[in-house]
Structure formats: C-alpha cells, structure tokens
Amino acid sequence: MTEFLPISTGFVWPLAVAIAWLLGEIVHRSTNLPRISIYSLTGVLLSYAQTGMLPRPSEGEITLIANMAFGLILFEFAYRINLRWLRLNWWLAVSGLAESVATFVLVYLVAGSFGITGLPGLLIAALAVSTSPAEVLRVVNEQRSSGQVTERVLHLAALNCFFAVFIFNLIVGLWSFQHSGSLWGAVSNSLLVLVASGALGIAFGYAVPVLLRKIGILAQDATLAFSIAVILLAALAQAFKISPILATLSFGLMVRHRREALSPAQRNFGALGDLLTVLLFVFIGASLAWPRIVAGADIALALLGARFLSKLAGATLFARFSGTTWRKGLLTGVAMSPMSVLVIGLLVQTRSMGIDLMDQLAPLATATLLLAIFGPVLTQLALKFAGETSESEEK
C-alpha cells in the first residue's frame, strides 16, 4: 500500500496505532470484546504480508518501542506477584510446575505426530508453556477484576513465563551449538542471557527505589519515574542483546519483594502505558504473515488443543489441594489461554541474536494469531463466570 500512497514509513506506524485505537473503542463499546484483540487483528490486516501498509517489523526503533511497552506491562505484572503466597501455598507452585511440564510434553508429542521433531518441536513446546502476562493483565485491568481466580491466573502466568523463558533459552543455546559448533556461542545465547537479564533487573530493583527515595519522589506519584526506569531497562537489555522480558520481570519482582509501596503509581502506567499498549499489540499482529498462518493452520489447532487441555487439567486437578474449588480451578485454566505477546517477544529476541526461527515454526504463527484474538476473550469470559469483574459486581 505504501508503494501507491505518498506515505512515509515513519508515518505508517502512528497511523496504524490511530486506526487500531479507533477500531478498538468502537468494537469494545458495541460488543464488549477486549480492546487488545482488536488491536492485534488490526495489526495483522495492516501488516506487510496482507495489505502491505506496515513494513515487516525488524530490529530498530519500532522493536525498541514494543519492548518498552511490553516492559511496562511486565513490570506492573511482576509487582502484583506475591512470592510469600507461593511459599505458603506451595500447592499452587506445584500446580504451575505440573501444568507447565504437562503442556511441554503433550505439545511436543502432538508436534511429533505431525513430523515436527527435534529442536523445532522442542521450541514449539517451550513456547506453548507460556501464558502471556500482557494479555492477562490488560484484561484484568480493563475489567477491574479481583478475586481468587484473578490472583491464581496472575501467579500461574508468572510461573509459566519464567519456565518458558528458561526452557526456550536453553533450547536456543542447543540450536546455536548445533549450527555453529561453538560452545561459547551456545552458552552466551542461553545461560549468560538468563543470568545477565536477571542480574540487570535485580540491580534496577535495588537502585531505583533508593534513588527515588533520596530525591523524594517515591512517596509521590511514582508513575513517570518508574516508567522512565522501565523504558531505560528495556533499552539497555535490547542494546546488550539480553532478554527485556526477564529483565523487566526481575525488576518488578525485586521491587515487590522489598515491599516498596507503589500505590500512587497509575494502573497501566496511565496514558503512556495505554498508548504503548496499542502499539505493542499492533506490532504483534504485524509480525505475522498470512502465508505462514495458512500453512500451519491444521497443526496449530491440534497444538492449541493439547495446550488448552494441559492447562485446564493442571489448574483443575490441583484446585482442591491449593485451597479452591474445582470450578474455580477450571476457570483458572480457561483464563490462562493467552500466549501471543510472550511468544513474539522471545522470537524477536532470538532474531536479534541472528537466529530467525519463524520460517521453521509456521504452525506457531497460526497459534499466535488465534490466541492474540481469542485468548483475551477466553480470559475475560472466565473472569466473568468467576464473578470477579466489575460487571459481575454490578449485577
């Protein structure tokens, strides 16, 4: 489209964000569907492989801004995780571990039945473990949801996220070793990335609150201060080619662990967070090419079925042990459907290492698109049936 219209590439992304925001508001108000589902679908329709309005997302300014947007969501998400609760209710942690292992194994077996074995099958299985915190948190905030299912979904999504990042980086290291024969290259693409990302986030978690306390900002509205800190952290992580995902998660967890009070900070980081969220989900949609989506449709449906059953079974079977009802365990499993943002974030990270895996993982593109659109819808429905959304309370 940009070949026929006098629109510079520097203008198409702001235009796409404006279109996505407008469509999101119109559709949400008329159907109550999650806005982020509309943002992702808009990105798909406007991407280089469909209408061609947006260029293919590549390492550069747009990727950096998307990482910043994801970083803001991940920081807020991690700050809501209560590690003490996981220690006291260790059955919840066991549930997360069992469900993650079951998802990995079952998805790998299903992928193998379609001839996807070895490292591609392992990568698909690792990514299927993830429950994307971006979609989950956005739906929770949009619906003003609170309650037992909400908190379980958030905590299990955090466990899924850490397991997926850890397993994925180990497999990428093995992939790198097999293709280059360099042991150092393999280690630097896996274990060193994990250690460096976590260490950088922890360092920010110690240093930033101390600095803000000294200059008297922590007790005031901390939204802008922590926004700048997260953006700086995401930029540093991308510059050093480590994981912005793990770095910003570690930052939020460390701030929460030290019991720093951030109550003055605005939910979603205010208007800045809302703006960057629209761009993030448009970016996710624009990363997906229609030919890949079509090519992997049949396999993707089978993989998503295996993933959904694993998460449903894991959350339900351990429900009574971890102190809730079977019904709420079942709804927790349904609410853990989203995975798209985390998948694309990890694949973009590997692309910055010189490893482009999207061509080998065509079914993953289809699964990502389906869950980018329908994952938030399932999360929203589960929270409504649990009676934990603002609409449920009004009824």
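Bear in mind the structure is a predicted one, so any value in this text is a computation, not a measurement.

What counts as what
- Residues numbered from 1 in each chain as written.
- Predicted model: local features only at pLDDT ≥ 70, side-chain atom pairs only at ≥ 80, totals over all residues.
- Heavy atoms only, no water.
- Axes fitted to C-alpha atoms, helices over the stretch in contact; angles between N-to-C directions.
- Helix = DSSP H or I, 4+ residues; strand = E, 2+ residues; numbered from the N terminus.
- Left-handed = near helix turned anticlockwise from the far one by under 90°.
- Contact = heavy atoms within 4.5 Å.
- Core = buried A, V, L, I, M, F, W, Y, C linked by side-chain atoms within 4.5 Å.
- Buried < 20%, exposed > 50% of the residue type's maximum accessible area, 1.4 Å probe, protein only.
- Expected span 1.5 Å × (residues − 1).
- Polar contact = N/O pair within 3.5 Å; in protein donor to acceptor, adjacent residues only side chain to side chain.
- Salt bridge = Lys/Arg side-chain N within 4 Å of Asp/Glu carboxyl O.

Peer 1: What's the story with the packing of helix α5 (residues 90–113) against helix α6 (residues 118–129) in this structure? I'm lost.
Peer 2: A pair of packed helices can be characterised by two numbers: the angle between their axes and the separation between those axes. Running from amino to carboxyl end, α5 crosses α6 at an angle of 145°, the nearest separation of the two axes being 8 Å. For the pair α5 and α6, the crossing hand works out as right-handed. For the pair α5 and α6, contact is made by E99, S100, T103, F104, V107 and Y108 and by G118, G121, L122, I124, A125, A126, A128 and V129, respectively.

Peer 1: I would appreciate a short explanation of the nonpolar core in the present structure.
Peer 2: Across soluble globular proteins, nonpolar side chains show a tendency to be buried alongside one another. By size, the foremost hydrophobic cluster in this structure holds 116 residues, and its most contacted members are F226, I245, F251 and L280. When residues in this core are grouped by element, the largest group, 14 residues, is from helix α8 (residues 148–180).

Peer 1: Sorry, what's going on with helix α11 (residues 223–239) here?
Peer 2: The terminal C-alpha atoms of α11 lie 24 Å apart, and with 17 residues this matches the ideal 24 Å at 1.5 Å per residue to within 8%. For α11, the full list of buried residues reads T223, A225, F226, S227, A229, V230, L233, A234, A237 and Q238. K241 sits one or two residues past α11 and shows a positive phi near 60°.

Peer 1: Even after reading the chapter, I still don't get the side chain of S37, so can you show me in this structure?
Peer 2: Locating S37 in the fold gives a position in helix α2 (residues 35–46). With a relative accessible area of 3%, S37 lands in the buried category. A polar atom in the side chain of S37 sits 2.7 Å from the backbone oxygen of I373. Residues contacting S37, with those up to four places away along its chain left out, are A372, I373, P376 and V377.

Peer 1: How should the environment of L45 be read in this particular structure?
Peer 2: Among the structural elements, L45 can be located in helix α2. Relative accessible area serves as the criterion here: at 48%, L45 is assigned to the partly exposed category. Taking the C-alpha atoms as reference points, L45 and A289, 244 residues apart in sequence, are found 9.7 Å from one another.

Peer 1: Would you mind showing me how to read the pattern of salt bridges here?
Peer 2: It is possible for side chains of opposite charge to pair when their charged atoms get near one another. A complete count under the given rule lists 6 salt bridges for this structure. The shortest N-O distance in the salt bridge between E142 and R35 comes to 3.1 Å. Remark: R35 occurs in helix α2 and E142 occurs in helix α7 (residues 133–143); sequence separation between them is 107 residues. What you see here is one network of salt bridges that share partners, running through E25, R29, R35 and E142.

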